[in-house]
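# Structure at a glance
Below are the chains, spelled out letter by letter.
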Amino acid sequence: MIGVLRSLTATMGTMLRKPVTIQYPTQHRKVPERERAFPILLWDFDIDEPFCTGCHACERACPVECMTVTMKDNPKQAAGESKRRKIVDEFFIDYARCMRCNICVEVCNFDAIAMNNTWTGHELSVVDREDLVMDRDQLMALSKEKQIRPWVPGA
Amino acid sequence: MSLPFLWGVFGVNMNVWLDAFVRLQLVVVVMTVTVMGLIYLERKFVGRLQMRLGPMRTGPFGTLQSIADALKLLTKEDLRPSTADFWLFEIAPYVTFVPVFMTLLALPFMDGWFVRDLQLGLFYIVAISGVTVIGYLMAGWASDNKYALLGAVRSAAQLISYEIPLILGVLAVSIVAGSLNLNAIILQQDTVPNLVLQPLPFIILLTAILAELSRRPFDIPIGESELVGGPWVEYSGIRWSIIFALTEYAGLWGFAVLGSLVFLGGWEWPFGTRSFWGDYDFVYQLFLVFTKSFFIILTMMWISATFPRLRIDQLMSFCWKILLPFGFFQVIINGIVVTYKPSEELRDVLLFLTSSALLVAMSLAIYLATRQPSREERVGKLLASRSAQ
Amino acid sequence: MADMTTEHELDTIDVNVNIGPQHPATHGVFRMVLVIDGEEVVDLVPHIGYMHRGAEKLSENMDYRQAIGYQDRTEYLAQFNAEMCYVQAVEKLAGLVPPDRAQYIRVILAELNRISSHFMFLGAFGTDLGVFGTAFTYAFRERENVLDLFEEVTGDRLMYAYFRPGGVAWDVPRDFKERVEWVCENALVGAMDLDKLLTDNEIFIMRTRGIGILNAQDAIDYGATGPVLRASGVQHDLRRAEPYSIYDRFDFEIPIGTNGDSYDRYLVRLAEIRESVKIVRQALAQMPEGPILPERMPRLLRPAAGEVYMRCENPRGEYGIYLVSTGGTQPYRLRIRSSCFCNLSALKHMTVGHYVADAVTILGSIDIVLCEVDR
């Protein structure tokens, strides 16, 4: 009988605390710097081309084989502006298969791929599953518009 | 004193059937609004107990949530298992809801605000609310589902058993008041509410109400974690909401008003029959009834949100071994005191003393029956202290 | 009339009640068929396999770093413990020695994960018993704190993939010590909240004490491990019996129950939260600076050919990884000894003779994670 009354006081006690609800979508949680949403490609603003050379390292390392990469000869290297001999031609990531394990970021030799650490990385729901296959321009959009400060481990 | 326009418009000049019809419509409207408000209240209040906010998005602070829920349920597909017994299945929710609605007909919400002033008001209320058991059984049987049948049988056992403490609780009060008429019971409480004279039946009534409405901790028939929904597992849409929203909250409201009228003094205590505002007395009477039933409702929501559920055998032994004997003793002692009272003044004092003594005895009985080994024995060194260190 | 037998008085049929696979109380897609006689359970047939995704087979096509993600998804409430078992198995085969700082980080995160897993149990157990939502929100309040900390360290809230053979993937953020200390304090307060709500509540005690008794010999026979075994009175904790990683450097107690009923299983888990906080605080005090991966880490790990069986103390029991390698980059066979699977085998023994409502209580008190049962 006494224990039952203890439970009642415990419940009444929490009534006086501030509720812990965050009212999404008007309020967001603050995401930490290392947040790991989906991978995006980075843009090199010095030379005005992507960092990615299409070397297939991430494609091989991906556990779920969600990437497709092709490379082409870099026209800027022929013109003498860039040191990258090859540059990425097509880059597809299927966000529906990606398991966000960060291995692609770790194996990249050029620090060309990073995880999207903004809140928008979590708001990617679409109506048709095929819209989740992101192509190169969609992947580079965030970095080109300077909206991101990605965190690459060890960098 | 009754509402001026009510007397003038719906006075003796009106046909009695039309008069009853209009009063019924008023009760329907008030009940619907109150049920929506109670659903909203429960979600916000229980949410606060659980450190969260409750509905916030539909309307300012979520006030339109009940309307949104009602609209959603109205537009849901009306499912019926193909092997279900058609007529029993269709009618069962109504058989459960209509008796609960009919209990609202005998309740005087304020002075003069009733549908019918029955001489056997209390008897009528407890009798008619017992018909809901049939609805549960009909739903369980007609659903052609093992879960539903198990739930229906459990709920029939529970509801029939807890009828008796309910009856004994109000019977004790009617012996004190000398009448089954609700108006008479209220008028008797102009100086001291029946809660003071009869604390034990109040506790018995609260417990029996929780069990009659199948609320936690007595919700084993609609055990959300096992037989999901119990007898109502096959129902969807508006039919489901007739049970879980309308019946439960209308019953909660009706019984809470009954408790506040019979025990807490209704619109009579503490101001009595002194009239403050003439024809507008109903304002403070409304406020009084509202506050008292609100207090009872909040207590029941608080209890519902805190306790685990009792198993069916524990539930039944609680009813038959604790609530029932003490209810009987209370009725008998009431009868003795009222009949052989030494004097009028001592009657009230004796009633208070005997009822409090029985309340203490019942608490002791509950304590002894549910006594568990002390914390040291149960827990040992596992969780030595109660504080976070 | 000495011939008065009562066997053929009434011919009754026992009812089969099917609980699951879609059910709010079965902790995942688990199906059990109860054969009941009135209200009492006479027989219980569990059906599993609804969540089998072939994690072991898939791991044979992954190299050793890629397979860490699958360990997370197998044991989705105690991920760091599962990852730790796996990476230690690989380290044994490959002969890698993780540096000290990595070991301490691993232990801190694994114990915090144990705390969050036990909070999940407390919430779910309260809900099974009918405390509609109150226990759940209290428990998840504390779990959110732990998950927020994990997000700051690894970037993800549930599937971390943070441990690597040889250490951890990257170093912890600068304010790690303060954050962990804050989380520990709040975890203790939260555990006391749940204690106040449930432990002394007579209804709770009546529902769980004496329900689902598993005595010590039966627990050992069924292969039950973890809190289920310890609640039955057997003093067996792998962190003490076969210390792996650096658990021999810490001073902590092992809560042991007496009766082996559901109440004891609940108490053991509640007490383990406090012990884990002790371990975390000691580890924080002792954690050195230094590297987090060994000096020479090969790009692609090729452990020597051989086999190893590594077992760890998960929040649910003994989690074992049996790893066979033929010298390549991918394991030849990865077998997971699942703690919940063996704990679940004792379900019938514990439930027969109790009521239907108790079956749900007992299932909740074993604390299963279906992905681990089915892999």
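Residues numbered from 1 in each chain as written. Chains lettered and ligands numbered in written order. Predicted model: local features only at pLDDT ≥ 70, side-chain atom pairs only at ≥ 80, totals over all residues. Heavy atoms only, no water.

## Quick word on the confidence of the model for chain C
- On average, residues of chain C score 87 in pLDDT, and 96% of them reach the 70 mark or higher.
- Two summary scores accompany this predicted model of the complex, namely pTM at 0.88 and ipTM at 0.86. (pLDDT = per-residue confidence, 0-100.)

## A short note on the pattern of salt bridges
- Here the structure, examined in full by the defined rule, presents 47 salt bridges over all chains.
- Arg311 of chain B is paired through a salt bridge with Asp358 of chain C; the nearest N and O atoms lie 3.0 Å apart. Of the two residues, Arg311 of chain B is situated in the loop between α12 (281-306) and α13 (312-339) and Asp358 of chain C in helix α14 (residues 356-366); the pairing between them involves two chains.
- Judged by relative accessible area, Arg311 of chain B falls into the buried class, the value being 9%.
- Assessed through its relative accessible area of 1%, Asp358 of chain C is described here as buried.
- For the salt bridge of Arg230 of chain C with Glu272 of chain C, the shortest nitrogen-to-oxygen distance reads 2.5 Å. With a gap of 42 residues between them, Arg230 of chain C in helix α9 (residues 227-231) and Glu272 of chain C in helix α11 (residues 262-286) connect regions that are remote in the sequence. The pair Arg230 of chain C / Glu272 of chain C is uniform in exposure class, with both members buried.
- When salt bridges that share partners are traced, they join Glu111, Arg114, Arg230, Asp237, Arg239, Glu272 and Glu313 of chain C into one network. (Salt bridge = Lys/Arg side-chain N within 4 Å of Asp/Glu carboxyl O. Helix = DSSP H or I, 4+ residues; strand = E, 2+ residues; numbered from the N terminus. Buried < 20%, exposed > 50% of the residue type's maximum accessible area, 1.4 Å probe, protein only.)

## Concerning the sheet that holds strand β1 (residues 15-19) of chain C
All names here are of chain C.
- Read across the open sheet, the three strands follow the order β1-β2-β3; overall the sheet is antiparallel. A single partner strand is all that each edge strand has here, and the edge strands are β1 and β3 (40-47). Between one strand and the next, the sheet's axes are offset by a mean angle of 25°, whatever the strand orientation.
- Relative to strand β2 (residues 31-37), β1 runs antiparallel, the two sharing five bridges. Considered in β2, the bridge of Asn16 is made with Val35.
- Lying over the sheet, α14 contacts β2 and β3, oriented at roughly 150° with respect to β2. (Pairing = 2+ DSSP bridges. Axes fitted to C-alpha atoms, helices over the stretch in contact; angles between N-to-C directions. Contact = heavy atoms within 4.5 Å.)

## Structural notes on the interface of chain A and chain C
- Taken together, the contacts link 31 residues of chain A with 34 residues of chain C.
- Between chain A and chain C lies a buried interface of about 2,600 Å² when both sides are counted; carbon and sulfur atoms form 45% of it.
- Across the contact surface, chain A and chain C share seven salt bridges.
- Here Asp200 of chain C ties to Arg6 of chain A by a salt bridge, and the two come within 2.4 Å at their closest N and O atoms. (Buried area = accessible area lost by both parts, 1.4 Å probe.)

## Observations regarding the packing of aromatic side chains
- Evaluation of the coordinates by the stated rule reveals 31 aromatic pairs over all chains.
- Summarising the aromatic geometry, the rings of Phe97 of chain B and Phe101 of chain B are spaced 6.2 Å apart at their centres and angled 35° between planes, so their arrangement reads as tilted. Of this pair, Phe97 of chain B and Phe101 of chain B are both found in helix α4 (residues 86-103), four residues apart, which corresponds to roughly one turn of the helix.
- Judged by centre distance (6.0 Å) and plane angle (45°), the ring pair of Tyr162 of chain C and Phe163 of chain C falls under tilted.
- In this structure Tyr162 of chain C comes out as buried when scored by relative accessible area, which is 0%.
- You can call Phe163 of chain C buried: its relative accessible area is 0%.
- Put simply, the rings of Phe80, Phe150, Tyr160, Tyr162, Phe163 and Trp170 of chain C pair up and form one aromatic cluster.
- When the ring centre of Phe38 of chain A is taken as reference, the NZ or CZ atom of Arg100 of chain A above it lies at 5.5 Å.
- Seen from the ring of Phe140 of chain C, Arg143 of chain C lies directly overhead, with NZ or CZ sitting 5.5 Å from the centre. (Phe/Tyr/Trp six-rings, centres within 6.5 Å; stacked < 30°, edge-to-face > 60°. Lys NZ or Arg CZ within 6 Å of the ring centre and 35° of its normal.)

## Regarding the interface of chain B and chain C
- On the chain C side, the residues contacting the 39 residues of chain B number 53 residues.
- Here chain B is connected to chain C by one salt bridge.
- Our count for the chain B to chain C interface comes out at seven residue pairs in polar contact (both at pLDDT 80 or more).
- For the side of chain B that touches chain C, the element with the most residues is helix α7 (residues 146-177) of chain B, which contributes four residues.
- Its residues assigned to classes, the side of chain B that touches chain C comprises 18 nonpolar, nine polar and twelve charged. (Polar contact = N/O pair within 3.5 Å; in protein donor to acceptor, adjacent residues only side chain to side chain. Nonpolar A, V, L, I, M, F, W, Y, C, P; charged D, E, K, R; others polar.)

## A few points about the nonpolar core
- Residues Phe91 of chain A together with Leu112, Tyr162 and Tyr266 of chain C are the most contacted members of the largest nonpolar core, which totals 124 residues.
- Looking at this core element by element, the count peaks at 13 residues for helix α4 (residues 100-129) of chain C.
- When residues no more than four places from it in sequence are discounted, the contact partners of Tyr162 of chain C are Phe80, Glu83, Ile105, Leu109, Val153, Thr154, Val168, Ala169, Trp170, Asp171 and Val172 of chain C.
- Counting residues in each nonpolar core, the second largest holds 96 residues, with Phe45, Leu261, Phe263 and Ile297 of chain B among its members. (Core = buried A, V, L, I, M, F, W, Y, C linked by side-chain atoms within 4.5 Å.)

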